[in-house]
Amino acid sequence: GAVVSQHPSWVICKSGTSVKIECRSLDFQATTMFWYRQFPKQSLMLMATSNEGSKATYEQGVEKDKFLINHASLTLSTLTVTSAHPEDSSFYICSAFQGPKQPQHFGDGTRLSIL
Amino acid sequence: GQQLNQSPQSMFIQEGEDVSMNCTSSSIFNTWLWYKQDPGEGPVLLIALYKAGELTSNGRLTAQFGITRKDSFLNISASIPSDVGIYFCAGQPGGTSYGKLTFGQGTILTVHP
């Protein structure tokens with residue numbers, strides 16, 4: 001089945017550090033990738049939609065300068081949390097969308113802890 | 001943002017029992033998806049539904065896409081301990097929001113051996 005690889009699985013870093021998370025679709029081309037944030041015992045909240053070759057579309061309330069998204073190829077999207085602070089600590093998950101009549105497939109998530 | 005109304009929020013059952021959970025929405029969706037998430041991992045697709053009225057099975061799992069396109073249910077038969085986890089429904093609209101998913105709040109399933 002479709003596989004989405006997300007890296008790294010977890011990150012612990014100091015406040016002020018920028019952190020890059022990669023999302024790769026391993027066996028299919030994804031014209032669209034999505035980035036979600038999930039707090040403990042809560043559902044997934046969409047942060048942004050990433051389309052290959054164009055600027056990402058951010059959901060209301062998500063700071064585009066804080067969460068930089070790049071979708072340079074049909075198999076890779078990256079999320080960079082810039083100047084991360086403790087309140088940015090969360091579980092970040094990406095998904096890749098193949099197209100019509102195809103489901104989204106999710107990566108295994110990245111646990112980000114900012115000290 | 002909008003969320004689907006998923007119920008129940010949690011279930012505690014004995015191994016071997018059947019489970020039923022459902023999602024409702026005020027909006028129409030073109031696709032309904034059911035995912036299972038284990039702690040510390042991403043959601044894993046269980047069943048995808050693309051047509052109103054569609055009934056689809058995947059092993060012990062059965063899901064239906066409601067006729068009104070505003071609801072869906074998931075049934076798990078003869079539950080086993082490894083069914084433990086959080087189950088999410090997700091609706092996918094058409095039009096300009098194509099591909100974007102709206103998630104339910106999740107159903108936490110606990111199975112006692």
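Below or above, wherever it landed, is the structure these notes cover. One numbering rule holds for all chains: residues counted from 1, following each sequence as written. Here the convention is simple: chains get letters from A, ligands get numbers from 1, in the order in which they are written. Only residues with pLDDT of at least 70 get local features here, since the model is predicted, and only at 80 or more are side-chain atom pairs given and counted; chain-wide, interface and lining totals rely on the full set of residues. Excluded from the side-chain calculation are hydrogens and water; included are all heavy atoms of the structure.

Structural notes on the overall build of chain A
Thought 1: Within chain A, the secondary structure is distributed over zero helices and 11 strands.
Thought 2: Every helix listed is a DSSP run of H or I at least four residues long, and every strand listed is a run of E at least two residues long, numbered separately from the N terminus. Listing every helix and strand of chain A by position from the N terminus yields β-β-β-β-β-β-β-β-β-β-β.
Thought 3: Its C-alpha atoms put chain A at 40 × 25 × 20 Å along the principal axes.
Thought 4: Taking all 115 residues of chain A together, the buried fraction comes to 50%.
Thought 5: Contacts: residue pairs with any heavy atoms within 4.5 Å of one another. Taking the contacts inside chain A whose residues are at least 6 apart along the sequence as the reference set, 54% of them involve residues at least 24 apart.
Thought 6: All accessibility values rest on the Shrake-Rupley procedure with a 1.4 Å probe; residue burial counts only the protein chains present in the view. Taken as a whole, chain A presents about 5,700 Å² of accessible surface, with 51% of it coming from carbon and sulfur.
Thought 7: Under the counting rule used here, the positive set is Lys and Arg, the negative set is Asp and Glu, and His together with the chain ends is not counted. To locate a charge, take NZ of a lysine, CZ of an arginine, CG of an aspartate or CD of a glutamate. Distance from the positive charge centre (10 side chains) to the negative charge centre (9 side chains) of chain A: 3 Å. Burial here depends on accessible area, computed with a 1.4 Å probe over protein chains only, as a share of the maximum for the residue type. Under 20% is buried, over 50% is exposed, and the range in between is partly exposed.

Notes on the overall build of chain B
Thought 1: Helix and strand content of chain B: zero helices and 11 strands.
Thought 2: The N-to-C order of helical and strand elements in chain B reads β-β-β-β-β-β-β-β-β-β-β.
Thought 3: Atoms considered for the radius of gyration are the C-alpha atoms alone. The globule rule reads 2.2 Å times the number of residues to the power 0.38. Scaling as 2.2 N^0.38, a compact globule of 113 residues should have a C-alpha radius of gyration of about 13 Å, and chain B matches this with 14 Å.
Thought 4: Projected onto its principal axes, the C-alpha coordinates of chain B cover approximately 45 × 30 × 20 Å.
Thought 5: Relative to its full complement of 113 residues, chain B shows a buried share of 42%.

A few points about the interface of chain A and chain B
Thought 1: On the chain B side, the residues contacting the 24 residues of chain A number 21 residues.
Thought 2: Both faces considered, chain A and chain B share a buried interface measuring about 1,700 Å² in area, 59% of it formed by carbon and sulfur atoms.
Thought 3: Buried area is calculated as the accessible area (1.4 Å probe) missing from two parts once they are joined, with the contributions of both summed. The largest contributions to the chain A side of the interface with chain B come from Ser43, Lys101 and Phe106 of chain A, which together make up 26% of the buried area.
Thought 4: Salt bridge, as applied in this entry: a Lys or Arg side-chain nitrogen positioned within 4 Å of an Asp or Glu carboxyl oxygen. One can count one salt bridge joining chain A with chain B.
Thought 5: Linking Glu59 of chain A and Lys100 of chain B is a salt bridge whose minimum nitrogen-to-oxygen distance equals 2.8 Å.
Thought 6: Each polar contact in these results corresponds to two N or O atoms within 3.5 Å; when the atoms are within protein, one needs to be able to donate a hydrogen and the other to accept it, and residues that are neighboring in sequence are counted only if both atoms are side-chain atoms. Between the two partners, chain A and chain B, sit five residue pairs in polar contact (both at pLDDT 80 or more).
Thought 7: Those elements giving two or more residues to the side of chain A that touches chain B turn out to be β4 (32–38), β5 (44–51), β9 (90–97) and β10 (104–106) of chain A.

Topic: the sheet that holds strand β1 (residues 5–7) of chain B
Residues and elements named next belong to chain B.
Thought 1: Note: two strands are recorded as paired if DSSP finds a minimum of 2 bridges between them. The strand order across the open sheet formed by five strands is β1-β3-β8-β7-β6, and the pairing between neighbours is antiparallel. Strand pairing shows two members of the sheet lacking a second neighbour, β1 and β6 (55–58), which therefore form its edges. For this sheet the average axis-to-axis angle between neighbouring strands, irrespective of direction, equals 15 degrees.
Thought 2: One ladder, built from five bridges, connects strand β7 (residues 61–65) with strand β8 (residues 71–76); its direction is antiparallel. Each bridged residue has a counterpart across the sheet, and for Phe65 the counterpart in β8 is Ser72. Inter-axis angles, ranging from 0 to 180 degrees, are taken between N-to-C directions of lines fitted to C-alpha atoms, where helices are fitted over the stretch in contact.

Brief notes about the environment of Met47 of chain A
All names here are of chain A.
Thought 1: Within the secondary structure layout, Met47 lies in strand β5.
Thought 2: It is 8.6 Å that separates the C-alpha atoms of Met47 and Gly61, two residues lying 14 residues apart in sequence.
Thought 3: Other than its neighbours up to four places away in sequence, Met47 contacts Trp35, Tyr36, Arg37, Thr57, Tyr58, Glu59, Val62, Phe67 and Tyr92.

Observations concerning the packing of aromatic side chains
Thought 1: When the centres of two rings from Phe, Tyr and Trp lie within 6.5 Å, Trp using its six-membered ring, the rings pair. Their planes under 30 degrees apart give stacked, over 60 give edge-to-face, and anything left gives tilted. All chains considered together, the criterion is met by nine aromatic pairs over all chains.
Thought 2: With a centroid separation of 5.0 Å and 90 degrees between ring planes, the pair formed by Phe106 of chain A and Tyr35 of chain B is classed as edge-to-face. Note that Phe106 of chain A is positioned in strand β10 and Tyr35 of chain B in strand β4 (residues 31–37), a pairing that runs across two chains.
Thought 3: Between Phe88 of chain B and Phe103 of chain B, the aromatic rings sit 6.2 Å apart at their centres with planes inclined by 90 degrees, giving edge-to-face as the arrangement. With Phe88 of chain B in strand β9 (residues 85–92) and Phe103 of chain B in strand β10 (residues 102–103), the pair connects residues that are 15 residues apart, well separated along the chain.

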